Amino acid sequence: MSYTKVWADNEQLNKNEVNKLKKDGLTIFDDIPKYAKSGFASIPKDQYMYFKYAGLTVQKPQDKGLFMLRVKVPTGILNHDQAVTLAGIGRDYGRGIIDITTRQSVQYHWVPLEKLTDVFDRLKKVGLTTSEAEGDAPRNVVGNPLAGIDPDELFDTRPVVEEIYHFFQDNPDFSNLPRKYKISINANTSNAGHAEINDLSFIPASKTIDGKKVLGFHVKVGGGLAAKPYLAEQLNIFVTLDQVKNVSAAVTTIYRDYGYRKSRARARLKYLVADWGIKKFEEKVLALTGPLPEAGHDETRGWNGGFFFGAHPQKQKGLNYVGVSIPVGRISAEDFLRFAELAQNYGNGELRTVNSQNLILPNIPDAVLDNLLSDELFQKFPIHPTPFTGYAMACTGNEFCNLALTNTKDKMKEIAARLDQEVSLDVPVRIYMVGCTNSCGQRQIADIGIQGLKLRTKDKQLVDAYELFVGGTLIDGGQFNERLKGRIPATQIYDVLKDFLLFFKKEKEKGETFFAFKTRIGTEKLQQVLDTIAKMYSK
Amino acid sequence: MELYRFIATTEHGETAIVVAADSEERAFRVADREIEHQLLKKPVINDLALVEKKNITKNGAGYLIQPRKSYE
């Protein structure tokens, strides 16, 4: 460790902070083999928090010795050996299921304690890690899943992602942050890295310096969703590629040393940015980095929601990428392995994970593209998914999560499949479902967000129910969706949504997105429409 | 034990209710009890929604009760 913990003498540290001063989170890797031998019951409960640093969460019910396990996949790029290894772990220890997360990571459930050392060994052999996939540390670096092959990228971000990932990974200087810390590095011009909802985001930009156009990044800080969402704010700096590490280190050092450690509820970077204001934050950054050029020209031209469906030419002539729909991000280990085999047989073996919880097979030559697409796996996982299923997302839900009040993944899949049968639109509508007030399913940036709750109706029935939120986006700096009044029982949610979307279909202009439609006609009008529909079904 | 946050919708608007209980079912019963006990004239409850729950740890648990923002 080459820094002084300037907060160590603070008398108002929360309990986790006190523990982290006594023992660094990364040391849990020394303990896990011992616990694996002595059994789950031998783990003191006050040690559970450290498992997070190994990408592990004790899974409910908490006495069974099972873990949720998360693997980092920087900017979503997996080579063939890595993809095969991930499939094998899912098959052997994850009850055959793999989840692709909204941070391009891969997640398993029900992994037994005694199998963890084998999982770690297998991952290490192929250069993957679970380390700091959770915990108060830099999480998976998200970015453009098409990095290096994208016709719509300003430049290839793979080298800079690699540099930043290795700089922070298991770096003891940054393994004790106040809370989770999310970095996004993206040069896709459609904001594939979801800049506004990350703590530190690098976004594509250019600037004329000494008469020459230089490509680089602008920087946003302090974004995050959770129960108190906050859109990242932009620093007035232009960052050349050779300065990304310098700026990343500066922002993260400021967070480490000034971030709040009294209450974990107020520990994310957004609280510091909100308190200081962006000008003061910028001054602190520049004090550490030295002078940087002022911001130049922003090269972001919209937002694609992180969706890359279909077969498309890469920037390399004669090669294509194929974007596949994995409904709500859940896939069997067997099917994941089949995708890995297809990628090897037809492409260069790479698979890429997307923050919309989908997959991409890159580097497919023109000559074999049709052969690849004729594989029956694409019947199950289409490249042109039906619009609702393809653009639906869901958090884990009450199946595995202690905080969720309702099921989400199954319910979302069911609703989307039925909407696909009965509502046809000329634009996709992104519907994201969450089971609580947090935002693991990124509900706040959905076209239509659905949030689960438990409801006791007027006639004393206790039912699962949902609230609707409309008009979220990350276009032009972002906007959170707005709640419509009224709670819809689970038995009616499909019918209500269907009629609501049929109203959208009837009233929308050609090609008009749901966000543009909501902006044009207003939340009040949508509230009236929902009230009318809900009243009809509640009779 | 967990700490539950409810919103009761009545003809007069919404009321927040916070309950500590060991199950969702029991939490609903406690919410009912508090409504009956705390209000002299019992309002007509259109619905009672459980919107959030938190584990009560040794450090406690709590909610800030304030008018809901449009995005909440």
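Calculation criteria
- Residues numbered from 1 in each chain as written.
- Chains lettered and ligands numbered in written order.
- Predicted model: local features only at pLDDT ≥ 70, side-chain atom pairs only at ≥ 80, totals over all residues.
- Heavy atoms only, no water.
- Pairing = 2+ DSSP bridges.
- Helix = DSSP H or I, 4+ residues; strand = E, 2+ residues; numbered from the N terminus.
- Contact = heavy atoms within 4.5 Å.
- Axes fitted to C-alpha atoms, helices over the stretch in contact; angles between N-to-C directions.
- Phe/Tyr/Trp six-rings, centres within 6.5 Å; stacked < 30°, edge-to-face > 60°.
- Lys NZ or Arg CZ within 6 Å of the ring centre and 35° of its normal.
- Domains from an automatic or database assignment.
- Buried area = accessible area lost by both parts, 1.4 Å probe.
- Salt bridge = Lys/Arg side-chain N within 4 Å of Asp/Glu carboxyl O.
- Polar contact = N/O pair within 3.5 Å; in protein donor to acceptor, adjacent residues only side chain to side chain.
- Buried < 20%, exposed > 50% of the residue type's maximum accessible area, 1.4 Å probe, protein only.
- Lys, Arg positive; Asp, Glu negative; His and termini not counted.
- Arc of directions from axis to C-beta.
- Parallel < 35°, antiparallel > 145°, perpendicular 65-115°, else oblique.
- Left-handed = near helix turned anticlockwise from the far one by under 90°.
- Nonpolar A, V, L, I, M, F, W, Y, C, P; charged D, E, K, R; others polar.

Glancing now at the sheet that holds strand E15 (residues 351-353) of chain A. Residues and elements named next belong to chain A. If you walk across this open sheet you meet the five strands as E3-E15-E16-E13-E12, and the pairing is antiparallel. Each edge of the open sheet carries a strand with a single partner, namely strand E3 (77-78) and strand E12 (310-313). Packed onto the sheet, helix H11 (residues 366-373) meets E12, strand E13 (319-324) and strand E16 (359-365) and runs at close to 135° relative to E16.

All names here are of chain A. A complete count under the given rule lists 25 aromatic pairs over all chains for this structure. A network of ring pairs unites the aromatic residues Tyr35, Phe40, Tyr48, Phe51 and Phe67 as a single cluster. We note Arg256 situated over the ring of Tyr3; from NZ or CZ to the ring centre the distance is 3.7 Å.

Okay, the sheet that holds strand E4 (residues 97-100) of chain A next. All names here are of chain A. The strand order across the open sheet formed by five strands is E1-E2-E5-E4-E14, and the pairing between neighbours is antiparallel. Only two strands of the sheet have a single partner each, and these edge strands are strand E1 (56-58) and strand E14 (330-332). Here the average twist between neighbouring strands, direction ignored, is 30°. Sheet topology note: the E4/E14 ladder contains three bridges and is antiparallel. From the neighbouring strand, Ile97 faces E14, where its bridge partner is Ser332. Sitting on the sheet, helix H10 (residues 333-346) is in contact with E4 and E14, with an inclination near 85° to E14.

Okay, the domain arrangement of chain A next. All names here are of chain A. Segmenting chain A into domains produces domain 1 (15-125), domain 2 (146-298), domain 3 (310-327 + 338-385) and domain 4 (389-538). Taking only C-alpha atoms into account, the centre of domain 2 sits 31 Å from that of domain 3. Taken together, the contacts link 12 residues of domain 2 with 10 residues of domain 3. Taken over both partners, the interface formed by domain 2 and domain 3 buries close to 790 Å², and the fraction arising from carbon and sulfur atoms is 51%. Its largest share of buried area at the contact with domain 3, domain 2 owes to Leu146, Ile149 and Pro151, together 63% of the area lost on that side. Run the count over domain 2 and domain 3 and you get one salt bridge. Salt-bridge contacts for Lys315 lead to Glu153; the nearest nitrogen and oxygen are separated by 2.5 Å. Across the contact surface, domain 2 and domain 3 share five residue pairs in polar contact (both at pLDDT 80 or more).

Here we take up the interface of chain A and chain B. Contact with chain A, which involves 25 residues of that partner, is made by 25 residues of chain B. Summed over both partners, the interface of chain A with chain B buries about 2200 Å², with 45% contributed by carbon and sulfur atoms. Among the salt bridges present, the one from B:Glu24 reaches A:Lys454, with a minimum N-O distance of 3.8 Å. The tally of links from chain A across to chain B stands at nine residue pairs in polar contact (both at pLDDT 80 or more).

Quick look at the side chain of A:Asp499 now. Residues and elements named next belong to chain A. Residue position: Asp499 is located in helix H15 (residues 490-507). Although Asp499 is buried, it makes no salt bridge; Lys498 carries the closest opposite charge, 4.6 Å away. Aside from chain neighbours lying at most four places away, what touches Asp499 is Ile533, Met536 and Tyr537.

Residues and elements named next belong to chain A. For the coordinates displayed, the defined rule picks out 42 salt bridges over all chains. Measuring nitrogen to oxygen at the nearest pair gives 2.7 Å for the salt bridge that ties Arg261 to Glu17. Of this pair, Arg261 sits in the loop between helix H7 (244-258) and helix H8 (269-276) while Glu17 is found in helix H1 (residues 15-22), placing the two residues 244 residues apart along the sequence. The two residues Arg261 and Glu17 agree in class, both being buried. The partner of Glu422 in a salt bridge is Lys498, and the shortest N-O contact between them spans 3.2 Å. Taken together, the residues span a long stretch of sequence, with Glu422 in helix H14 (residues 409-422) and Lys498 in helix H15 at a distance of 76 residues.

What follows concerns the environment of B:Ala49. Secondary-structure assignment places B:Ala49 in strand E3 (residues 45-55). Linking B:Ala49 and B:Phe6, residues 43 residues apart in sequence, is a C-alpha distance of 5.4 Å. Residues contacting B:Ala49, with those up to four places away along its chain left out, are A:Leu453, A:Lys454, A:Leu455, A:Arg487, B:Arg5, B:Phe6 and B:Ile7.

On to the pairing of strand E8 (residues 200-209) of chain A. Residues and elements named next belong to chain A. Summarising burial for E8: seven of the 10 residues are buried, a large majority. In the sheet, E8 pairs with strand E9 (residues 212-221) via 10 bridges, with the strands oriented antiparallel. Within E9, the residue paired with Phe202 across the bridge is Val219. In sequence, E8 turns back onto E9 through a hairpin of two residues, with Asp210 there showing a positive phi of about 50°. The pairing of E8 with strand E11 (residues 297-298) spans two bridges and is classified as antiparallel. Within E11, the residue paired with Ser206 across the bridge is His297.

Here the focus is helix H16 (residues 514-521) of chain A. Residues and elements named next belong to chain A. The set of residues buried in H16 consists of Phe514, Phe515, Phe517 and Lys518. Down the axis of H16, the smallest arc covering the buried residues is 160°, so these residues share one side. Turning to H16, the residues buried within the fold contact strand E19 (448-456), strand E20 (462-470), strand E21 (482-483), H15 and helix H17 (523-538). Just downstream of H16, Gly522 is the residue with a positive phi angle, here 90°.

With that settled, consider the packing of helix H6 (residues 158-168) of chain A against H7(A). All names here are of chain A. For the pair H6 and H7, interaxial distance at closest approach is 10 Å and the crossing angle is 40°. When the axis of H6 is compared with that of H7, the two are oblique. With respect to the hand of their crossing, H6 and H7 are arranged in right-handed fashion. Two secondary-structure elements touch here, H6 through Val160, Glu163, Ile164, Phe167 and Phe168 and H7 through Val244, Lys245, Ser248, Ala249 and Thr252. Tallied by class, residues from the contact of H6 with H7 come to six nonpolar, two polar and two charged.

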